[in-house]
Amino acid sequence: MSYEVSHLRTLESEAIHVMREVASELERPVLLFSGGKDSIVLLRLAEKAFRPGRFPFPIMHVDTGHNFAEVIEFRDRRVAELGERLIVASVQDSIDAGRVQEETGPRASRNRLQTITLLDAIAEHAFDAAFGGARRDEERARAKERILSFRDDFGQWEPRAQRPELWDLYNGRVRRGEHVRVFPLSNWTELDVWRYIDEERLEVPSIYFAHEREVFARDGMIYATSPWVQLADDEDPFMESVRYRTVGDMTCTGAVRSRASTLERVVAEIAATRITERGETRADDRVSEAAMEDRKREGYF
């Protein structure tokens, strides 16, 4: 067995251990699934942890309503193939109920609105643990996370109040109204995720591979044109060969110029990059130096 494969199996073993521990210790977990590469890996790990039985938790997607069509099609098909229960928490429903207010203007986005939708769904279903695909290499605020990230009864995150995890011992004790976010991929890198996808031959949405798309440039990033994005007067669409390193709301998720049309080429491209995926392709993380941490304190993923 090569070092690379051995390394991936070590990460896999740790993640499966985390998922089994949480499933046995907490009463009502849920697995957050966006249709993106990290949550695709989580689904695969859940299969290895719990098959041939069903998952001991449902799958939930917080849907902004402004997602890439290819990702939504993949989400529905993949969950159907697994035969698992999918909960869709809708930002549009939150807007209709007056829980959040729609942003307007060329830089309007529903991404920040997901926080309230997520917290409301956790409260509605009384979930006490939520598996997510966050990794410590994504962004500086993520590096402060524990594998079990404690959230108070307002859904908020306080880094100084997190619990120690010595010797891989995880304290999942929560009171009514509190919950933990669980990050089994904490010790993975983006390259690890892609190498695992390649090793396991996992399907991912087509937008992860190079394709021709109508895009426009804004603030040093490239975005897909869509019915939900208002172009400024000096912004003109053009065709470009692009792919996505991360998926999310179309209004704030940028593409990268690329000719990588296969898994092998994507892995090689990621191995050569020195810019994090969120730093290169997520406009919401460029608002301020502490943009991610501010959102996490409010209850973001």
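See the structure printed just above.
A quick note: this is a predicted structure, and the numbers were derived from the prediction, not measured.

I would appreciate a short explanation of the sheet that holds strand β1 (residues 29–32) in the present structure.
Two modes of strand pairing occur in sheets, parallel and antiparallel, and in both the strands are linked by backbone hydrogen bonds. The six strands are arranged β3-β2-β1-β4-β6-β5 in an open sheet whose pairing can be described as mixed. Since the sheet does not close on itself, it has two edges, and those belong to β3 (86–90) and β5 (148–151), each with one partner. Sheet twist, expressed as the mean angle between neighbouring strand axes with direction ignored, is 30°. Taken together, the five bridges between strand β2 (residues 59–63) and β3 define a ladder with parallel strand orientation. Residue Met-60 lies in a different strand from β3, and its bridge partner there is Ile-87. Sheet contacts for helix α2 (residues 37–50): β1, β2 and β4 (129–131); angle to β1, the most-contacted strand, approximately 135°.

Would you take a moment to explain the packing of helix α6 (residues 190–200) against helix α7 (residues 263–272) for this structure?
Helix packing for two helices is described by the angle between their axes and how far apart those axes are. The geometry of α6 relative to α7 is characterised by a closest axis approach of 10 Å and an angle of 165° between their N-to-C directions. Comparing their axes, α7 and α6 come out roughly antiparallel. Between α6 and α7 the crossing geometry is left-handed. Between α6 and α7, the contacting residues are Glu-190, Leu-191, Trp-194, Arg-195, Ile-197 and Asp-198 on the first element and Leu-263, Glu-264, Val-266, Val-267, Ile-270 and Ala-271 on the second.

Hey, could you run me through the pattern of salt bridges in this one?
Pairing between side chains becomes possible if they bear opposite charge and their charged atoms approach one another. Taken as a whole and assessed by the stated rule, the structure comprises 31 salt bridges. A salt bridge links Asp-120 to Arg-99, with the nearest nitrogen and oxygen atoms 2.8 Å apart. A residue pair is termed long-range when its members are at least 10 positions apart, and Asp-120 in helix α5 (residues 114–125) and Arg-99 in the loop between α4 (91–96) and α5 qualify at 21 residues. A relative accessible area of 25% places Asp-120 in the partly exposed class. Look at the salt bridges and you will find they share partners, linking Arg-9, Glu-12, Arg-44, Glu-47, Lys-48, Glu-73, Arg-77, Arg-78, Glu-81, Glu-199, Glu-200 and Glu-203 into a network.

How should I be thinking about unusual backbone geometry in this particular structure?
Omega for the peptide link from Arg-51 to Pro-52 comes to 15°, which places this bond in the cis form. Tracing the chain through its elements places Pro-52 in the loop between α2 and β2. The phi dihedral of Arg-201 falls on the positive side, at around 55°, and the residue is not glycine. Along the chain, Arg-201 turns up in the loop between α6 and β7 (211–218). Positive phi is not limited to glycine here, since Asp-219 has a value of about 55°. Note that Asp-219 resides in the loop between β7 and β8 (221–224). Given the relative accessible area of 53%, Asp-219 is considered exposed.

Could you clarify how one ought to interpret the side chain of Arg-78 in this entry?
Following the sequence through the fold, Arg-78 ends up in helix α3 (residues 69–82). What Arg-78 contacts, discounting residues up to four positions off in sequence, is Leu-43 and Glu-47.

What am I meant to see in α5 here?
Helical periodicity: at 3.6 residues per turn, an α-helix aligns residues three or four positions apart in one direction. Helix length check: α5 (12 residues) gives 16 Å between terminal C-alpha atoms against 16 Å at 1.5 Å per residue, within 8%. Ala-126 lies just past α5 and shows a positive phi near 55°.

Any chance you could explain the packing of α2 against α6 here in plain terms?
Across the interface, α2 lies against α6 with an axial gap of 10 Å and an inter-helix angle of 55°. Between α2 and α6, the interaxial angle falls into the category oblique. Of the two possible hands of crossing, α2 and α6 adopt the one that is left-handed. Along the contact surface, α2 presents Lys-37, Asp-38, Val-41, Arg-44, Leu-45 and Lys-48, while α6 presents Glu-190, Val-193, Trp-194, Tyr-196, Ile-197 and Glu-200. Class assignment of the residues belonging to the contact of α2 with α6 gives a composition of six nonpolar, no polar and six charged.

Is there a simple way to explain α6 in this structure?
Among the 11 residues that make up α6, eight are buried, leaving the element largely enclosed by the rest of the structure. Buried within α6 we find Glu-190, Leu-191, Asp-192, Val-193, Trp-194, Tyr-196, Ile-197 and Glu-200. Directly after α6, the chain includes Arg-201, whose backbone phi takes a positive value near 55°.

About the thresholds
- Residues numbered from 1 in each chain as written.
- Predicted model: local features only at pLDDT ≥ 70, side-chain atom pairs only at ≥ 80, totals over all residues.
- Heavy atoms only, no water.
- Pairing = 2+ DSSP bridges.
- Helix = DSSP H or I, 4+ residues; strand = E, 2+ residues; numbered from the N terminus.
- Axes fitted to C-alpha atoms, helices over the stretch in contact; angles between N-to-C directions.
- Contact = heavy atoms within 4.5 Å.
- Parallel < 35°, antiparallel > 145°, perpendicular 65-115°, else oblique.
- Left-handed = near helix turned anticlockwise from the far one by under 90°.
- Salt bridge = Lys/Arg side-chain N within 4 Å of Asp/Glu carboxyl O.
- Buried < 20%, exposed > 50% of the residue type's maximum accessible area, 1.4 Å probe, protein only.
- Expected span 1.5 Å × (residues − 1).
- Nonpolar A, V, L, I, M, F, W, Y, C, P; charged D, E, K, R; others polar.

These values are about where atoms sit, not about what they do.
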